[in-house]
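If you want the building blocks of each chain, they are given just below.
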Amino acid sequence: MRRGLLIFLLVNLAIVLFLVHQVWSLLTLLVVDGAEDAIAKAELPAVGSPRKDGKPRLIPKIIHQTYKNESIPPVWQEAQASCIDLHPESEGWEYKMWTDAMSAEFIEAEYPWFYDTFKGYRYPIQRADAIRYFVLSHYGGVYIDLDDGCNRSLDPLLVYPAFVRRTLPTGISNDVMGSTPRHPFFLKTIEVIQKYDRSWILPYITVMGSTGPLFLSVLWVHWLRGGMNVGDGAEGGRMRLIFPDEYNGHEWSFFTHHLGNSWHGYDVQLIFWMSRNWILVTIVGFAIGITVITLGYLAYRRFASGSTDASKWNKPTYGHRLPFWKRFTSSRQDYELVERHEV
């Protein structure tokens, strides 16, 4: 029994370790804050002032945005206009709006190995996510979601080899990103993106994990753990982070946020409810886990004791040690056998 119990505990331990290994990157996101890579206010020039540190511009002056066609909904036109107005062609800026048709043509022409995956995505937002990684890797520049407006010129951000937005409490986002052409992180992103093309039942989780911010956050953690987040020059692999204060909410922040999330569906309410009630969800999760382990142990006890219980019924009883009882039971067996034979 003790040996069987030890085996049972070892099997459960192996299962727990396997599950922890599978979600280790997600657990790591809870403790990695990225503060050492933050673009701090102190290193930025005042609004409207040029940089005085003499750092060269690394990121091309290109703004990328995506939409299904060129008819931008009114709710996002103000945000779009703010970015175009602050970054005019007269100052060397180029604006690229990637429609669905343009995106498909670009992928087919430049990355044909990815075309079938790109066209096969179940949700349009997955293609909108994927194209931003490919155009940043290919052309460089700054990608901005349509629900993000510009609050000041992005020129001070162009001296870094790459940047993304830090989200709290964990991870990074893909709504605002910038990079040099062929930045190592985005090259890695487009290299592995096919491997993450999986369905996770709920549309929100499928999108987030296959092409969205969760996908990018997991790659970011791998990037940090692999020691590749180094180098601030043109060939550097460091990813700088825009924290919330530098993102929006202040006069000196780079962006403004507008109504968005047009792709969210019914399942998002469940996900957001779980995030707001994460303590309850954690308690319920532990309760379910303990219940499963307990039921497994009871099932094991029942299975392991089955043969023992059967052997107990076959053991001689105290009555069988008495001579008259042996004669009685023997004659009864003979009777039953004769009776059955005659029938």
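Just so we're clear, the structure is a prediction, and the values are computed from it rather than from any experiment.

Time to look at the sheet that holds strand β5 (residues 162-166). Strand order across the open sheet formed by 6 strands is β2-β1-β3-β6-β5-β7, with mixed pairing between neighbours. Every interior strand has two partners, whereas the edge strands, β2 (94-98) and β7 (240-242), have only one. Averaged over all adjacent pairs, the angle separating strand axes in this sheet is 25°, with direction ignored. Sheet analysis places β5 next to β7, joined by 3 bridges and oriented parallel. Counted as the bridge partner of R165 is I242 from β7.

A regular strand places its side chains so that they alternate between the two faces of the sheet. Strand direction decides the pairing type here: strand β1 (residues 62-66) and β2, joined by 5 bridges, are parallel. Residue T66 lies in a different strand from β2, and its bridge partner there is W98. Between the parallel elements β1 and β2, the chain passes through helix α3 (residues 74-86) in a crossover that is right-handed.

Take the environment of L187 next. Relative to the helices and strands, L187 is located in helix α7 (residues 184-192). Between the C-alpha atom of L187 and that of L136, which follows or precedes it by 51 residues, the distance is 9.2 Å. Discounting chain neighbours no more than four positions away, the residues touching L187 are S137 and R182.

Taken together, the side chains of L280, V284, I288 and V292 make up a nonpolar region of the molecular surface, amounting to roughly 350 Å² of accessible area. By secondary structure assignment, the location of V292 is in helix α12 (residues 278-304).

This part takes up the pairing of β1. For β1, a buried count of 5 out of 5 residues is recorded, marking the element as mostly surrounded by other parts of the structure. The two faces of β1 match: I62, H64 and T66 on one face and I63 and Q65 on the other face are all buried. Sheet topology note: the β1/strand β3 (residues 141-144) ladder contains 2 bridges and is parallel. Looking at β3, one finds that I63 is bridged to V142.

Attention shifts here to the pattern of salt bridges. Tallying each qualifying case throughout the model produces 8 salt bridges. Its salt-bridge partner being R132, residue D129 comes within 3.4 Å of it at the nearest N-O pair. Of this pair, D129 and R132 both sit in helix α6 (residues 124-139), separated by 3 residues, roughly a single helical turn. By relative accessible area, which is 3% here, D129 ends up buried. Here the salt bridges do not stand alone but share partners, grouping D37, D232 and R238 into one network.

Helix packing for two helices is described by the angle between their axes and how far apart those axes are. Where helix α8 (residues 203-210) meets helix α9 (residues 213-225), the axes come as close as 4 Å, and the angle between the chain directions of the two elements is 35°. Of the two possible hands of crossing, α8 and α9 adopt the one that is right-handed. Listed contacts from α9 to M208, G209 and S210 of α8 are P213, L214 and F215. By residue class, the composition of the contact of α8 with α9 is 4 nonpolar, 2 polar and no charged.

Time to look at the nonpolar core. Ranked by size, the top nonpolar core spans 35 residues in total, and within it F114 and F186 carry the most contacts. Within the residue set of this core, elements represented by two or more residues are α4 (100-110), α5 (112-120), α6, β5, β6 (172-179), α7 and α9. C83, Y160, I242 and F255 belong to the second-largest nonpolar core, a separate cluster that totals 20 residues.

This paragraph deals with the side chain of R165. Residue position: R165 is located in strand β5. With relative accessibility at 15%, the residue R165 sits in the buried group. Polar contacts involving the side chain of R165 include one to the side chain of D175, which spans 2.9 Å. With residues near it in sequence (within four places) discarded, R165 still touches I172, S173, D175, V176, I242 and Y247.

Within the secondary structure, L157 is located in the loop between β4 (148-150) and β5. Excluding residues within four positions of it along the chain, L157 makes contact with I39, I59, F163, I242 and F254.

A few words now on α7. By the burial criterion, the buried members of α7 are F185, F186, T189, I190 and V192. Elements in contact with the buried residues of α7: α5, α6, β5, β6 and α9.

Within this structure, the stated rule accounts for 18 aromatic pairs. Measuring from centroid to centroid gives 6.5 Å for F254 and F255, while their planes differ by 50°, and the two rings are tilted. Grouping residues by exposure puts F254 and F255 together as buried. Members of the aromatic cluster, connected to one another through ring pairs, are W98, F106, Y111, W113, F114, F118, Y121, F134 and Y139. The ring of Y247 has R165 lying over it, and the distance from NZ or CZ to the ring centre is 4.2 Å.

Reading guide: rules and limits
Residues numbered from 1 in each chain as written. Predicted model: local features only at pLDDT ≥ 70, side-chain atom pairs only at ≥ 80, totals over all residues. Heavy atoms only, no water. Pairing = 2+ DSSP bridges. Helix = DSSP H or I, 4+ residues; strand = E, 2+ residues; numbered from the N terminus. Axes fitted to C-alpha atoms, helices over the stretch in contact; angles between N-to-C directions. Right-handed = clockwise from strand over helix to strand, strands pointing away. Contact = heavy atoms within 4.5 Å. Patch = residues over 30% accessible without salt bridge, like charges linked within 9 Å, V, L, I, M, F, W, Y side chains within 5 Å. Areas by Shrake-Rupley, 256 points an atom, 1.4 Å probe, with all protein chains shown as cover. Salt bridge = Lys/Arg side-chain N within 4 Å of Asp/Glu carboxyl O. Buried < 20%, exposed > 50% of the residue type's maximum accessible area, 1.4 Å probe, protein only. Left-handed = near helix turned anticlockwise from the far one by under 90°. Nonpolar A, V, L, I, M, F, W, Y, C, P; charged D, E, K, R; others polar. Core = buried A, V, L, I, M, F, W, Y, C linked by side-chain atoms within 4.5 Å. Polar contact = N/O pair within 3.5 Å; in protein donor to acceptor, adjacent residues only side chain to side chain. Phe/Tyr/Trp six-rings, centres within 6.5 Å; stacked < 30°, edge-to-face > 60°. Lys NZ or Arg CZ within 6 Å of the ring centre and 35° of its normal.

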